[in-house]
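# Residue-level structure breakdown
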Amino acid sequence: VNTPERLREIPSPSEKDWQKDDEEDFFLLDPDRERDALPQPFRMIRKLLMQVFESAMEIIERREMLREAQNLKVQPRKCFPTASFQVTGRANCLALSGKYIFVGLSMGLTAFSKGNLKDVCAWDAAKTEVCAIHASDLGNECHVLLAVDEMGLVWLLFFHKDSFLLTKVLNEVADISQRSACVEVVLSRRGDYAGILLQGNTKAWLEIYQLPKDSWLTEMEKKAVAAEALACSESFSSEFSVGTFLLQEPPVSAIQADVQLDLPVLLLTVRPPKPITGTSFKGPVDALKEVDDGSMLGLGYNHLIKDSQWELQEAIFRSTYREYLEAEGVIKEEIPRHATFHFLLPSRILMGPEMKVQPDIPVGIGVHWDGNHNFCLYLLNRSLKEKGGSDLKPDVVWPCAAPIACSAVSSCSRYLALAGEDATITIWDKHLGYPLSVTAILEERFIRSIHFL
């Protein structure tokens, strides 16, 4: 065995091997500090590059989140038109009734066939621009139309097969200065009634008309039978070499040449509610007598508050909230000039046990005026004495806690939705007369429209 002559010794540490003070915690140091030790301008360039990189990563992450959220949503179905048709002039509005499409144009209106989209006939006798159309199918290829032109006139038209018949201009007056413009039109589903909201210079009112559609249909049937008989007599009187012949349908112009349709009947004239003033009753007995006489209880007119009490209450209110009234400005109460109304089918609220009505024909209307708390219901089958009165009172008053902003009635006319200015929606069962649900929307929201789906 070879052994070294002398064992190698471990050398003693020297001073150069000693650990320096700044290197004792080298394992705790941040590696980025080495980059911070770079000289200028490399540190500034590195800082700018890092900011650009971080901003880019934030944008990428945000886009990825938006893309994932979009993928989770239900994608809407894209619908493309299956057919199109050209109109003469500018199309302002349209209405669908039966197998016809009625289009309001810059000059009159036109009827198109829904099957082949061909022009059936046009009406431009008035030489006016039609801005709104409402149509209803009466059956037997007859339709009733309400057209509103640019001047606010309401044209009641009757359409039969291939021709228009002008029945009446509902708000036409001899003196043009006294003319009232129509701002809203509602036609009942089967064409039994029509309602128009008119506005004058300083007032507004609602007119409800009954359309004699049964007499219209009877008149058109009589004219059609007479035209066919005339065509048959002319065919038999003519000499033909062939023993058989084809009896062709007479032209529509021959059928409608002498047609005289009955005019609509004005049923109701509903005016906005008057502001509540001081009482004229001397005591509670007089107020009770007024109620017994048949006046409607619920509008707030039959009270015992005097004018002096109203004035005192107004003075107290102004003195208490003076700073708020001066900051916002005092708005003087005005008579409302716009109303929303609906035709209502029979229900327990509107009809009594002895009333005989048809389930699909309206028996009343529901009206609420802007800024008013009450939803008023009026019966359509009123006596002549009640119709002639200047101040028509509602049959049922539906009070609300806040002014009504908008309303909607379901297709079956059983459910009523009232949205108040306090952003609260109440669903009522009109047949039973109690609320089904009350929903409060977020604060500082104003509901402009509401619909049943």
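Everything below is about the structure shown above.
Before going into details, it helps to say that this report is about the structure given with it. Every value quoted in this text rests on a predicted model; they were computed, and no experiment measured them. (Residues numbered from 1 in each chain as written. Predicted model: local features only at pLDDT ≥ 70, side-chain atom pairs only at ≥ 80, totals over all residues. Heavy atoms only, no water.)

### Looking at unusual backbone geometry
Here is the rule: Note on classification: 1.4 Å probe, protein chains only; a residue is buried when its accessible area is under 20% of the maximum for its type, exposed when over 50%, partly exposed between these limits. Per the convention used, a helix needs a DSSP run of H or I reaching at least four residues, while a strand needs a run of E reaching at least two, with both numbered from the N terminus.
Positive phi, normally seen in glycine, also occurs at L117, with a value near 60°. Overall, the relative accessible area of 22% leaves L117 in the partly exposed class. Here the phi dihedral of A423 falls at roughly 60°; this positive angle occurs in a residue that is not glycine. Relative to the elements of secondary structure, A423 occurs in the loop between β18 (415-420) and β19 (424-429). Residue classification places A423 among the buried residues on the basis of a relative accessible area of 3%.

### Focus on the sheet that holds strand β9 (residues 181-187)
Just so we agree on the cut-off: Here, any two strands with at least 2 DSSP bridges between them count as paired. Axis definition: a line fitted to C-alpha atoms, limited for helices to the stretch in contact. Angles are taken between N-to-C directions and run from 0 to 180 degrees.
If you trace the four strands from one edge of the open sheet to the other, you get β9-β10-β11-β12, paired in antiparallel fashion. Unpaired on one side and paired on the other, β9 and β12 (265-270) mark the two borders of the sheet. Taking the axes of each pair of neighbouring strands and ignoring which way they run, one obtains an average angle of 20° across the sheet. Bridging between strand β10 (residues 193-199) and strand β11 (residues 204-210) involves seven bridges; their strand directions are antiparallel. Across the sheet, Q199 pairs through a bridge with A204, a residue of β11.

### Here's the deal with the packing of aromatic side chains
In plain terms, the rule: Stacked, edge-to-face and tilted are the three classes for Phe, Tyr and Trp ring pairs, Trp counted by its six-membered ring, which pair at centre distances within 6.5 Å; planes under 30 degrees apart are stacked, over 60 edge-to-face, the rest tilted.
One pass over the full model with this rule turns up ten aromatic pairs. Consider the rings of F159 and F164, whose centres lie 4.9 Å apart with planes at 55°: the pair is tilted. According to the relative accessible area criterion, F164 is buried, its value standing at 10%. Look at Y193 and F343: their rings are 6.2 Å apart centre to centre, the planes differ by 25°, and that puts the pair in the stacked class. Linking Y193 in strand β10 with F343 in strand β13 (residues 339-344), this pair joins segments that are 150 residues apart in sequence. By relative accessible area, F343 is classed as buried at 13%. Taken together, the ring pairs connect Y100, F102, F159 and F164 into an aromatic cluster.

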